[in-house]
Amino acid sequence: MLDSSGEALTKRGYRAIKRLAPIKETLAAALVYLSKWRADEVLLDAMCGTGTIAIEAAMIARNIAPGANRNFAAEKWSVIDEKLWTDIRDEAFSNEDLSKDLKIYASDIDEKSIEVAKENAEKAGVEEDIIFEVKDFKDIESPAKYGAVIVNPPYGERLMNDEDIEELYKDFGNFCRKKLAKWSYYIITSYEDFEKAFGKVATKNRKLYNGGIKCYYYQYFGDRKNGYRN
Ligand SMILES: C[S@@+](CC[C@H](N)C(=O)[O-])C[C@H]1O[C@@H](n2cnc3c(N)ncnc32)[C@H](O)[C@@H]1O
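Computed from a prediction, not measured in an experiment: that's the story for all the values here.

A. The arrangement of helix α5 (residues 162-179) in detail. Compared with an ideal rise of 1.5 Å per residue, which puts 18 residues at 26 Å, α5 spans 25 Å between its outermost C-alpha atoms and is within 8% of the ideal. Of all the positions in α5, only I165, L168, Y169, F172, G173, F175 and C176 are classed as buried. Burial along α5 is one-sided: seen end-on, the buried residues are contained in an arc of 160°. Exposed side chains of α5 directed beyond 90 degrees from the buried face belong to E163 and K178. Looking at the buried positions of α5, the neighbouring elements they touch are β1 (43-45), β4 (148-151), β5 (184-189) and α6 (194-198).

Here it is, written out as structure tokens:
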């Protein structure tokens, strides 16, 4: 058996410091793709932790190769010409799209998480693309009429009891309906009674595993500009 990757492929190389319950980079990217968010639309992660969802969204929008910031075990193999690695990296860099003006917002109530998120974004080369803020989601004012909010909130597995988690989801539901009335909402959680607490049945949901925990990705479709379809 030969392992050409080395470090797991979920690791993009931009995340040095971990905080509580970060989502895997690959799952964060999947959440962005499933939301069908497009680079000219507004994106908000209102419980961003270390910023993974926002960073992956910015990398997707800029067409930054997921492996651009990491090494692969096969780079040390003498059977592969070193020049191939340089060429393929040059090709990936030349395909990056630096022209777009992105509107990605990421906030969290925890100051330390935002510090780490900013460092991660810098390592990923997308720090200019994301507006980070320390903020309780309840205090966020909507940055636009339409947009997509994607969140990976606490699930209550270890850190919060059911009552607190229900309160949090209820507050988040009220926040979405009041401040982001026309937006689309995307929430991943393992909490079985999420829709009841949030106060609305999702347009669609999808089973996903987050580090072995069975979750559902609840999708609420809103209006979109430019006639984009959900
Ligand atoms: C599961 S973590 C998110 C992890 C993140 N996806 C990452 O990759 O690091 C949930 C986050 O929700 C944040 N949070 C909890 N209550 C909040 C609130 N009322 N407003 C904003 N953020 C909140 C926590 O501080 C925590 O960082």
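B. Fine view of the packing of helix α1 (residues 25-35) against helix α2 (residues 52-61). With their axes 8 Å apart at the nearest point, α1 and α2 run at an angle of 65° to one another. When the axis of α1 is compared with that of α2, the two are roughly perpendicular. Between α1 and α2 lies a crossing whose hand is right-handed. For the pair α1 and α2, contact is made by E25, A28, A29, L31, V32 and Y33 and by T52, I53, E56, A57 and I60, respectively.

C. How the structure looks around the packing of aromatic side chains. Evaluated as defined, the whole model comprises 15 aromatic pairs. Note on Y169 and Y191: the rings are 5.7 Å apart at their centroids and 70° apart in plane angle, and the pair reads as edge-to-face. Of this pair, Y169 sits in helix α5 while Y191 sits in the loop between β5 and α6, and the two are 22 residues apart along the sequence. Residue classification places Y169 among the buried residues on the basis of a relative accessible area of 1%. Residue class for Y191 comes out buried when judged on its relative accessible area of 10%.

Calculation rules
- Residues numbered from 1 in each chain as written.
- Predicted model: local features only at pLDDT ≥ 70, side-chain atom pairs only at ≥ 80, totals over all residues.
- Heavy atoms only, no water.
- Helix = DSSP H or I, 4+ residues; strand = E, 2+ residues; numbered from the N terminus.
- Expected span 1.5 Å × (residues − 1).
- Buried < 20%, exposed > 50% of the residue type's maximum accessible area, 1.4 Å probe, protein only.
- Arc of directions from axis to C-beta.
- Contact = heavy atoms within 4.5 Å.
- Axes fitted to C-alpha atoms, helices over the stretch in contact; angles between N-to-C directions.
- Parallel < 35°, antiparallel > 145°, perpendicular 65-115°, else oblique.
- Left-handed = near helix turned anticlockwise from the far one by under 90°.
- Phe/Tyr/Trp six-rings, centres within 6.5 Å; stacked < 30°, edge-to-face > 60°.

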